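One letter stands for each residue in the lines below.
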Amino acid sequence: MRVPKEIEKYQENYSESGLQRKIKSVARWAGAKVVYAVLLLYYVLRSPNISKADKSKIYGALGYFILPTDLVVDFLPIVGYSDDLAALMIALHAVTSNITPEIKAQAKAKLSQWFGDRAQKKIDGMI
């Protein structure tokens, strides 16, 4: 799996509407882990306590996720979102201290709404 370098440079690709479109179009294909990571970052981004540096990492990771052309082509089953997940996990690791129980609950609730209760098993062990 290739990991994108300097994730912050992808922040120009981020937009709220672009993120919504991407999630709607790829949620089932990308899987619960990718979508959960996106949701965690999305909700952390709305936290009033997040630093500009952490926001930059999140915008970069979400921008990379939105970007239609990345290191591994997204339409390839399973493998296509491995680089996206890597970028998301890098950002999640960087902002772990900002992930509150409330943020986790919001992300899990939205994930359950979209994927049903079976999604919980797929994200066990993640942040």
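Given the structure is predicted, the values throughout are model-derived calculations rather than measurements.

**Observations concerning the layout of surface pockets**
So, point 1. In this model, the second largest pocket occupies a volume close to 190 Å³.
So, point 2. The dominant element in the lining of the second largest pocket, judged by the number of residues it contributes, is helix 1 (residues 16-30), at 5 residues.
So, point 3. Taken together, the residues of the lining of the second largest pocket sort by class into 6 nonpolar, 1 polar and 3 charged.

**Brief notes about helix 5 (residues 101-115)**
What sets the pattern is the α-helix's 3.6 residues per turn: residues three or four places apart point alike.
So, point 1. The end-to-end C-alpha distance of helix 5, which contains 15 residues, comes to 20 Å, matching closely the 21 Å that a straight helix rising 1.5 Å per residue would cover.
So, point 2. The set of residues buried in helix 5 consists of I103, A107, L111, S112 and F115. The buried residues of helix 5 occupy an angular sector of 165° when the element is viewed end-on, so they sit on one face. Turned more than 90 degrees off the buried face of helix 5, the exposed positions are P101, E102 and Q113.
So, point 3. Of the surrounding secondary structure, the elements contacted by the buried residues of helix 5 are helix 1, helix 2 (32-45) and helix 6 (119-123).

**Details of the nonpolar core**
So, point 1. Of all hydrophobic cores here, the largest spans 42 residues; its most connected members are L19, L41, I58, L62, F65, L88 and L111.
So, point 2. Those elements that provide at least two residues to this core are helix 1, helix 2, helix 3 (52-66), helix 4 (82-94), helix 5 and helix 6.
So, point 3. For this core, the element with the most residues is helix 2, which contributes 13 residues.
So, point 4. Among residues more than four places away in sequence, those in contact with L41 are I58, A61, L62, L88, A91, L92 and V95.

**Digging into the packing of aromatic side chains**
So, point 1. In total, this model carries 3 aromatic pairs according to the counting rule given.
So, point 2. Ring geometry for Y14 and Y59: centres 5.0 Å apart, planes at 50°, overall tilted. Residue Y14 is found in the segment before helix 1, and its partner Y59 is found in helix 3; the two are separated by 45 residues along the sequence.
So, point 3. By relative accessible area, which is 14% here, Y14 ends up buried.
So, point 4. A ring pair is formed by Y42 and Y43, whose centres lie 5.4 Å apart and whose planes are at 70°; its orientation type is edge-to-face. For the pair formed by Y42 and Y43, the shared burial category is buried.
So, point 5. If you follow K22 out to its NZ or CZ, it ends over the ring of F65, 5.6 Å from the centre.
So, point 6. A cation sits over an aromatic face here: R46 above Y42, 3.9 Å from the ring centre.

What counts, and at which threshold
- Residues numbered from 1 in each chain as written.
- Predicted model: local features only at pLDDT ≥ 70, side-chain atom pairs only at ≥ 80, totals over all residues.
- Heavy atoms only, no water.
- 1 Å grid on protein atoms, 1.4 Å probe; cavity = no way out; pocket = protein on both sides within 12 Å on 5 of 7 lines; lining within 4 Å.
- Points joined across faces, edges and corners; volume = space filled by probe spheres on them.
- Helix = DSSP H or I, 4+ residues; strand = E, 2+ residues; numbered from the N terminus.
- Nonpolar A, V, L, I, M, F, W, Y, C, P; charged D, E, K, R; others polar.
- Expected span 1.5 Å × (residues − 1).
- Buried < 20%, exposed > 50% of the residue type's maximum accessible area, 1.4 Å probe, protein only.
- Arc of directions from axis to C-beta.
- Contact = heavy atoms within 4.5 Å.
- Core = buried A, V, L, I, M, F, W, Y, C linked by side-chain atoms within 4.5 Å.
- Phe/Tyr/Trp six-rings, centres within 6.5 Å; stacked < 30°, edge-to-face > 60°.
- Lys NZ or Arg CZ within 6 Å of the ring centre and 35° of its normal.

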